[in-house]
Structures are given as structure tokens and as C-alpha cells.
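Below are the chains, spelled out letter by letter.
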Amino acid sequence: MTSPADEVVTLASELIAIDTTNPGTYGGPGTERPAAEYVAARLSEAGYACEYVESGAPGRGNVVARLPGADPSRGALLVHGHLDVVPAEAADWTVHPFSGEVRDGYLWGRGAVDMKGMLAMTLAVARHFKRTGVVPARDLIFAFLADEEAGGVVGAQWLVEHRPDLFAGATEAISEVGGFSVTLGGGPRAYLVETAEKGSMWLRLAARGTAGHGSLLHTDNPIATLAAALARLDAHRFPVVLTDPVREFLTGAAELTGVPFDPADPEAAVARLGHLSRLIAPTLRDTATVTIVNAGYKSNVVPAVARAEVDGRMLPGRDEAFRAELGRVLGPGVEVEWSSLPAVQTTFDGPLVAAMGAAIRAEDPGARLLPYMMPAGTDAKAFARLGIRHFGFAPLRLPADLDFTALFHGVDERVPVAALEFGTRVLDRLWRSC
């Protein structure tokens, strides 16, 4: 009988080779079905009864399976991950992004980090438990989901609204963008556990004016109005707000590095984090980033409307303040439409946190867990609606010099083979006892 670590790389490679690029159609057809069918087949051959669910949008497959635990009175642990990935331009990559190639000790491909590596670890351990008769301490619910990269409209959000029965009894969850190691100050490795994530707010902006010939004088050109507003927004910096998870992370980092942390100047502490600052700096304040601009249709015609889209991210509790401040920055003459998902946050305590620490230290003695806030969003936002407490914990022991955060949605996305094997062993320990 093979161990979970023996097959995790093969499972991850085969998942990467299934192109599940999210088309960003916001409820339209998609590409996840072949990967969902692959997952269902791997679980079924190990003995699971799987439920395959589509929202009605063609190709947007979701798979859920449950493994009963020793104590059915305890809340179940939901382990969820998304099957879809962001686009990748093959010409930009060292290897083909959907090859799943193993080279130089790494598994390469779109989704290696975000997040087919974690899906493979989950599959490997779930299959091993079923085949060998392992009974975990409590029920485990495994969910492989569509559409996370476009907000989970036909994935987690749809399932929470229409099939909450699939997650009955779940009280806690683990998923992506946490559990990976960082080396701070040459001390023991720290493993970051995501306990909070910023809210997401997508803004659609419009400025209107009088259409006309480009050769004439214009005092209400909507492109000029919108461009001025976008320039103000790009230059604006929202205020620093030190939240509890960020304070806890910076305090722990100071203890590991021996450099004191001054709560009155958290930006100085973040600046000392090297490449990790890319992940932590956005959690000090709200952000609003212009991502799409669309105006005009002919070079000698002033259009009647100019449009733009903005990616807004708010700290917990800052929704109303963010809207008000954004309105002041954009100024008059700009219409704003909003759609949003809330921030999520939990405390860094309890038996599950203790079990995560014990499982990590069993494989990496002396290691320490640190909570942190993620600047982006995950399907945790959907499951929070069911009252499920969420942690980002996809364990990976990484080389100290690897700029891991740059690999999320990046060119040449890859993960060390040894890290996948490490994470599989950690999850095996965790799910037996937590």
C-alpha cells in the first residue's frame, strides 16, 4: 500500500494537465468539469460516495464527499479547494503551464501553488484514509469547487445558497493561502496561518458627457473627467489601520527576528520583511486599484460615456468608511456601482489551531505558527455565511530563498516536490487527531 506522499506529485501533475482556466464569465459556462470528474473518479475508486453538482452553468463541476469520524457529535471539518485557475500565456513560461512537468525538484504549472497542489494533498490523504480504514476524530467533508477565481458565483456561493445540506454540521474549515513556511531573521521557520481576509468590492465607474466631433471644443469630455478621477484614486493612500491579526503577525515576527515592533509605525516593521512584505503591506490599509478602462470607439469622436473598473479591498469593519472615502476621492461627475463580498476574520486559538501546530512541529521541530491576514479573498467568504470558522492552512515547507508569494498567478508557477510531500504528511497527522 502506497503512502499519501508517494502519490501526491502524480495527482498534482495530472490535475495541472487538465486546463481549468476560469473564463471570468460570472455565472456562464466554464472548464472545471473534467477536473471535477477526475477528482470524483479518484475518490470513488478509493470507496467514497461522491456527489457531483453543477449550478446549471455548463461545465462548472463541484464534487463533495464526506468521511465519517469517531465522534459524530463534534462539528465536522470542511476541507475545500478550487479546481479553476487563472489564465496563463504559454509563450511566457519556461515550461508549458499545463504540462505538470517535474523539473529541478519542482512541480511546474498553472495551479501548482493556487491551488491544485493542495487539492492533490487532500486527495492523497483522503484516499489513504478510506483505503486503510482510518477513522478521523470527527467528520471530514472534502469539497472540490468551481469558479473561486471569479468569486465562486457558480461554485461555493451557489452551493451555500442551494445545497447547504452538503456541509451540514461543519463548524470549521481549512483551505488555501496559509500553512506555508517563511524564514525570518535566520531563526526557526514560521508557518503562516490565514485567520482573516480583506473584503472584496468591485466598482464599475462611469462618467458621462456630450458626444461630438473631436475637432470641436468640449467642456464635458467624459474621458477627461474619468481620467482625472482615476489619477486621484491612483495617488490616494487610505489610512493605516492596525487590525488584530496583523498586530499578532508583526509581534511574532519581531520575536523571531529580534527587531522590536513599534505599533505606532507598522509600515517600518513590514518594510523589513523582504519579499514577504508584498503579502503583508496591503493588509495595513484599504486599497483600490484600477484594472479596466474602456472609452471611445473612433479617433475623431468624443464618446458620450467613459467606463472603468476598480478592484477594492477593505479591512474588516471598514466597508462604510471605504465607500465614503472612495466617493470623496473620485469626486463629482463619476457614477459608481458596487458589488462586494465581506471580510472574514477569526481568532487564532482553539483545539484546531493547537492541532495544526502539533502536526507542523512533528515534521519540523521548533517551527512556529503565526496568524496573518490575506489581502485577497477565497471561498471562505461563502462558507462564513454558514457560520463556519475558517483557516488558511495548506502546509508547505519552503526554501528560505524562494519568493513564494510571487508565484501566485505568476509566470513559472511551481512548488517544490518535497514541500508537497511534507504537506501531505502534515495533513495526514492533522486530520487523524483534530
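The structure under discussion appears in the preceding block.
Residues numbered from 1 in each chain as written. Predicted model: local features only at pLDDT ≥ 70, side-chain atom pairs only at ≥ 80, totals over all residues. Heavy atoms only, no water.

A. Just the overall build of the protein, in detail. The helix and strand inventory of the protein stands at 12 helices and 19 strands. In terms of overall size, the protein behaves like a compact globule, its C-alpha atoms giving a radius of gyration of 23 Å where 434 residues would be expected to give roughly 22 Å. By its C-alpha atoms, the protein is 80 × 55 × 45 Å across when sized along the principal axes. Going through the 434 residues of the protein one by one, you find that 54% of them count as buried. (Helix = DSSP H or I, 4+ residues; strand = E, 2+ residues; numbered from the N terminus. Rg over C-alpha atoms; globule rule 2.2 N^0.38 Å. Buried < 20%, exposed > 50% of the residue type's maximum accessible area, 1.4 Å probe, protein only.)

B. The nonpolar core, seen in detail. By size, the foremost hydrophobic cluster in this structure holds 97 residues, and its most contacted members are I174, F249, L430 and W431. Per-element accounting of this core gives the leading share, 9 residues, to helix α3 (residues 116–132). Once residues lying within four places of it in the same chain are set aside, the contact partners of F249 are L192, L273, L276, I280, L370, P371 and Y372. In this structure, A229, F238, V310 and L330 belong to the second largest nonpolar core, which totals 19 residues. (Core = buried A, V, L, I, M, F, W, Y, C linked by side-chain atoms within 4.5 Å. Contact = heavy atoms within 4.5 Å.)

C. Main features of the pattern of salt bridges. Tallied over the full model, the rule gives 28 salt bridges. Among the ionic pairs, R33 bridges to E54, the shortest N-O distance being 2.7 Å. One end of the pair, R33, is in helix α2 (residues 33–45); the other, E54, is in strand β1 (residues 51–54), with 21 residues separating them in the sequence. Given a relative accessible area of 34%, R33 falls into the partly exposed group. Residue E54 is classed as partly exposed on the basis of its relative accessible area, which comes to 23%. (Salt bridge = Lys/Arg side-chain N within 4 Å of Asp/Glu carboxyl O.)

D. Structural detail: the side chain of T21. By the secondary structure assignment, T21 is in the loop between α1 (4–16) and α2. Reaching out from T21, the side chain makes a polar contact with the side chain of D19 at a distance of 2.6 Å. With residues near it in sequence (within four places) discarded, T21 still touches T31, V85, V86, P87 and F98. (Polar contact = N/O pair within 3.5 Å; in protein donor to acceptor, adjacent residues only side chain to side chain.)

E. Molecular detail of α2. For α2, with 13 residues, the first-to-last C-alpha span of 18 Å sits near the 18 Å given by 1.5 Å per residue. Buried within α2 are the following residues: A35, A36, Y38, V39, A40, R42 and L43. Buried residues belonging to α2 abut α1, β1, β2 (61–67), α3 and β6 (140–145). Of the residues one or two after α2, G47 is the one with positive phi, at around 115°. (Expected span 1.5 Å × (residues − 1).)

F. Quick peek at the sheet that holds strand β4 (residues 102–103). Reading across from one edge, β4-β5-β19 is the order of the 3 strands in this open sheet, with antiparallel pairing throughout. This sheet does not close on itself; its edge strands, each paired only once, are β4 and β19 (414–416). Two strands pair when backbone bridges link them, and strand β5 (residues 106–108) and β19 are joined in this way by 3 bridges, in the antiparallel orientation. Within the sheet, the bridge partner assigned to W108 lies in β19 and is R414. Where α1 meets the sheet, its contacts fall on β4 and β5, and the angle it forms with β5 comes to roughly 20°. With respect to the sheet, helix α12 (residues 417–433) is in contact with β4, β5 and β19, its orientation differing from that of β19 by roughly 65°. (Pairing = 2+ DSSP bridges. Axes fitted to C-alpha atoms, helices over the stretch in contact; angles between N-to-C directions.)

G. Summary view of the packing of aromatic side chains. Here the structure, examined in full by the defined rule, presents 8 aromatic pairs. Considering the side-chain rings of F142 and W431, the 5.6 Å spacing of their centres and the 55° angle between planes classify their relative orientation as tilted. Within this pair, whereas F142 is found in strand β6, its partner W431 is found in helix α12, the two being separated by 289 residues in sequence. Relative to Y372, the ring of F180 has its centre 6.4 Å away and its plane inclined at 75°; by these criteria the two rings are edge-to-face. Of this pair, F180 sits in the loop between β7 (170–175) and β8 (181–182) while Y372 is found in strand β17 (residues 368–374), placing the two residues 192 residues apart along the sequence. When sorted by exposure, F180 lands in the same class as Y372, which is buried. Lying over the aromatic face of Y38, R42 brings its terminal NZ or CZ to 4.8 Å of the ring centre. (Phe/Tyr/Trp six-rings, centres within 6.5 Å; stacked < 30°, edge-to-face > 60°. Lys NZ or Arg CZ within 6 Å of the ring centre and 35° of its normal.)

H. Local environment of the packing of α1 against α3. Where α1 meets α3, the axes come as close as 8 Å, and the angle between the chain directions of the two elements is 135°. Regarding the angle of α1 to α3, the classification is oblique. Here α1 runs over α3; the crossing is right-handed. Of α3, the residues touching α1 (which contributes P4, E7, V8, L11, A12, L15 and I16) are K116, G117, L119, A120, M121, L123, A124, V125, R127 and H128. Counted by class, the contact of α1 with α3 contains 12 nonpolar, 2 polar and 3 charged residues. (Parallel < 35°, antiparallel > 145°, perpendicular 65-115°, else oblique. Left-handed = near helix turned anticlockwise from the far one by under 90°. Nonpolar A, V, L, I, M, F, W, Y, C, P; charged D, E, K, R; others polar.)

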